[in-house]
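An overview of the molecular structure
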Amino acid sequence: MIAALTNSYKQNPTIMLWLMVGLFASLVLPWYGIEDGFFGFEWIIDGYPVDSDYAPLAFLLVYGEKQWLAPLILPFFGAVYAAGLPRRHPLISKLLVLAGGFGVIWLCLQGLSIGIRGWQFPGLEALFGPLGDRQFGMGYGAMLYFASCLFLFSAGIAEQRGTTGDKFVIGMIFLVIMLVAIFVFYPILKLIILGFADEKNGYSLMIFWEKFTDDRIWSLACVYAGKRCGVAWNSVFMAVIVGFLTTALGLVFALIVTRTNLRYRRFIRAISVIPIITPPFVIGLAIILLFGLSGIVTTTVSDMFGLTPTRWVYGLPGIVIAQTLAYTPIAFLVLIGVVESVSPSMEEAAQTLRASPMQVLNTVSLPLIRPGLANAFLLGFIESMADFGNPLVLGGNYDVLSTEIFFAIVGAQYDQGRAAVLAIVLLSFTLVAFYIQRFWLGRKSYTTITGKGDSGLHMKLPPVLSRTVVTIGLGWAGFTLVIYSIIVYGSFVEMWGLNNNLTVKHYVTAFSVVFDEEGIRWTGSAWNSFGTTFMIAAIAAPLTAAIGLVTAYLLTRHSFTGKNAFEFGTMLSFAIPGTVIGVSYILAFNVPPIEITGTGIILVVSFIFRNMPVGVRSGVAAMAQIDKSLDESSMTLGANSFHTFRKIVLPLLRPAILAALVFSFVRSMTAISAVIFLVSAEYDMATSYIIGRVENNDYGLAIAYSTTLIFLMLTVIILLQLIVGKTVTTRRDAAAGGA
């Protein structure tokens, strides 16, 4: 028997590997999720493997439990038979496709058909009769079984392609497709379906239409009656303003850094990107400390001119200022690369033809950076629409979609249907903006880098324009410095506006540590959320980078059917606001078959698929600069795709890895739009804790916590740069490094 298994492994190692994984999942691991957590291992002494709550698949079937799972043993017979056949036997591919496909499909069908109260659909109950037991969410046993069937199926597809079938590549394609389908498309589909649900668990187009056409969403009374507008138009108006302002300021900073001789360009560049590592709503708090009723500017102006302080900053003006500060760095990072990539030789050619510097800028440079402008505006628009923290802090009576969705879920109304419809409206606006951006760019070519040398120097801005740009940039940078000075100063103020004495009590309250005979006790109120946030971000960041870079490798190095649809699916989460992701995850993963609401897993998953597009795009950009001949040489020497990717491609992707790690870690530490819906008492995040302090008017503690997060993220970014290091791609670089 052992000799037969050894021979089968030598002939078909991939099949045997995933067959053993499936058997291990079915015979050893608990099939359903464990409420107290798998890694606590209390389940081992609480009835495993007899208790149905902890039993593996095999024991459930032996004891007559959950008989709808019985067909899941069939794929093992097909896989075992296929593993025993000689390599390249024509039956192997058919058996693997049939066995793996059946396992995946049956697991999905039974998972979607049987819910927390039995049959999900009345027709099934009428056909098969009522169930005597409920179904629980998938555990590690079901998850590994699903993975084994998926990879057996992909191995069968690879076998069908003969010598051109690469099991690693095809397996990764199917893995990414399945992950995106489960964690992007499935929640959005559940969200859309809920929009049509009525109070009796039925579905009606009229119910959806009634909620969708609500005056509170679409009213234009502010235009002709001076009343409040609907939240949809409020959100769009705000997002358009923020999109234009962030794009304009991002372009200003990009021009200062690349097209002027300003001495302090590096300092300006550093200042302009600091808001990226700041929780978005913290800037809103600083604006309140400056321009609120008790703010420094407000009280100073009222004392000097005898004016009555007002609440002007609460509403659209305050939100726009806060969001412009928060999202201008994103526009700058998009535009600086585009501005630097404009070919200097084209600008020099225009000047040779006697075009003035302003004409060169208008007719050559600006048209070539249209894609960057469109991307920067789209990012600003989407981030503004999805922003939850700043409208909550500064919104006043100016209601927007993100806050309305939040109050529909957590407020007294608890109307999931209304929240779903509002989320659909928000998603529709972002997708329309995405389409308009693609339409505006059209099919024109903006390529200026052809692989030929280009040793020219970028044209400097005309003097008048240069002075204007520098003035605007320095003014905004100065305002940014003031904001961050207020953030740091505010963390030491006893109680803003009432007692301005300096104190460290907010830091002590949040992060106090006691050393006594019991050892170290973390007594600060913020330690729990701080530890959870750091742990979740540290887990999500490498996973995000890994999935993003593998996806980029597939897109840049391999051609396969449906490649364009594959790329669209992986980038779709880029256009989905965080608020929509939060609501859709609650609806999709609060019940079987994937029951992870209230756990740390749902937070990790939301961060991975929210931030994955950045890893994909950075990986695509980096791999575009790596010659494919390196891959071909490795394959020629006998290495397969997995070893080529691990040994050749991955070491050359250090900048892309660093970018994906930093972005994912920072966004996980500072995210609020999706997090606010997904946190629980056990897994509270820093941003939700800070929002709670703000709602209780405890601004000092909130700002102290935020300041700590800023310095922590700066430290982590520096450490990541040291750990990942720099890529050595040329002999000159290697020699310099050795020197």
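Here's a quick rundown of the structure. Starting afresh in each chain, residues are numbered from 1 along the sequence in its written order. In keeping with the model being predicted, local features are shown solely for residues with a pLDDT of at least 70 and side-chain atom pairs are shown and tallied solely at 80 or more, while totals for entire chains, interfaces and linings include all residues. Here the side-chain values reflect all heavy atoms present in the structure, with hydrogen atoms and water set aside.

1. Examining the pairing of strand β6 (residues 519–522)
Two strands make a pair as long as DSSP finds a minimum of two bridges between them. A run of H or I in DSSP becomes a helix once it reaches four residues, and a run of E becomes a strand once it reaches two; helices and strands are each numbered from the N terminus. With four bridges connecting them, strand β5 (residues 513–516) and β6 associate as antiparallel partners. Bridging from a neighbouring strand, Val 513 pairs with Trp 522 of β6. A loop of two residues connects β5 with β6, the two strands running antiparallel in sequence.

2. A word on unusual backbone geometry
Generally, phi is negative for residues other than glycine and the peptide bonds are trans, each holding for most cases. With omega at 0°, the peptide bond leading from Tyr 48 into Pro 49 counts as cis. Examined against the element boundaries, Pro 49 turns out to sit in the loop between α2 (13–27) and α3 (57–62). Following Pro 592, the chain continues to Pro 593 via a peptide bond in cis, the omega torsion being 10°. Locating Pro 593 in the fold gives a position in the loop between α27 (578–589) and α28 (600–623). Despite not being glycine, Lys 66 shows a phi value in the positive range, around 50°. For Lys 66, the location among the structural elements is in the loop between α3 and α4 (74–83). Even without being a glycine, Asn 697 presents a positive backbone phi close to 60°. Structurally, Asn 697 can be placed in the loop between α33 (686–695) and α34 (699–724). Note on exposure labels: buried denotes an accessible area under 20% of the residue type's maximum, exposed denotes more than 50%, and partly exposed covers the range between, all computed with a 1.4 Å probe on protein chains only. Asn 697 gets classed as exposed once you look at its relative accessible area, which sits at 58%.

3. A few points about the packing of aromatic side chains
Only Phe, Tyr and Trp rings are paired, with Trp represented by its six-membered ring, and only when their centres lie within 6.5 Å; those with planes under 30 degrees apart are stacked, over 60 edge-to-face, the remainder tilted. The tally for this structure, following the rule as stated, stands at 42 aromatic pairs. With 6.2 Å between their ring centres and 40° between their planes, Phe 41 and Trp 43 make a pair best called tilted. Residue classification places Phe 41 among the partly exposed residues on the basis of a relative accessible area of 40%. Taking the relative accessible area as the measure of exposure, Trp 43 reaches 7% and is therefore buried. Site record: aromatic cluster; members linked through ring pairs are Phe 196, Phe 208, Trp 209, Phe 212, Trp 218, Trp 233 and Phe 429. Here, a charge over a ring is recorded when the distance from Lys NZ or Arg CZ to the ring centre is within 6 Å and its angle to the ring normal is within 35 degrees. The lysine or arginine in question, Arg 311, covers the ring of Tyr 314, its NZ or CZ lying 4.4 Å from the ring centre.

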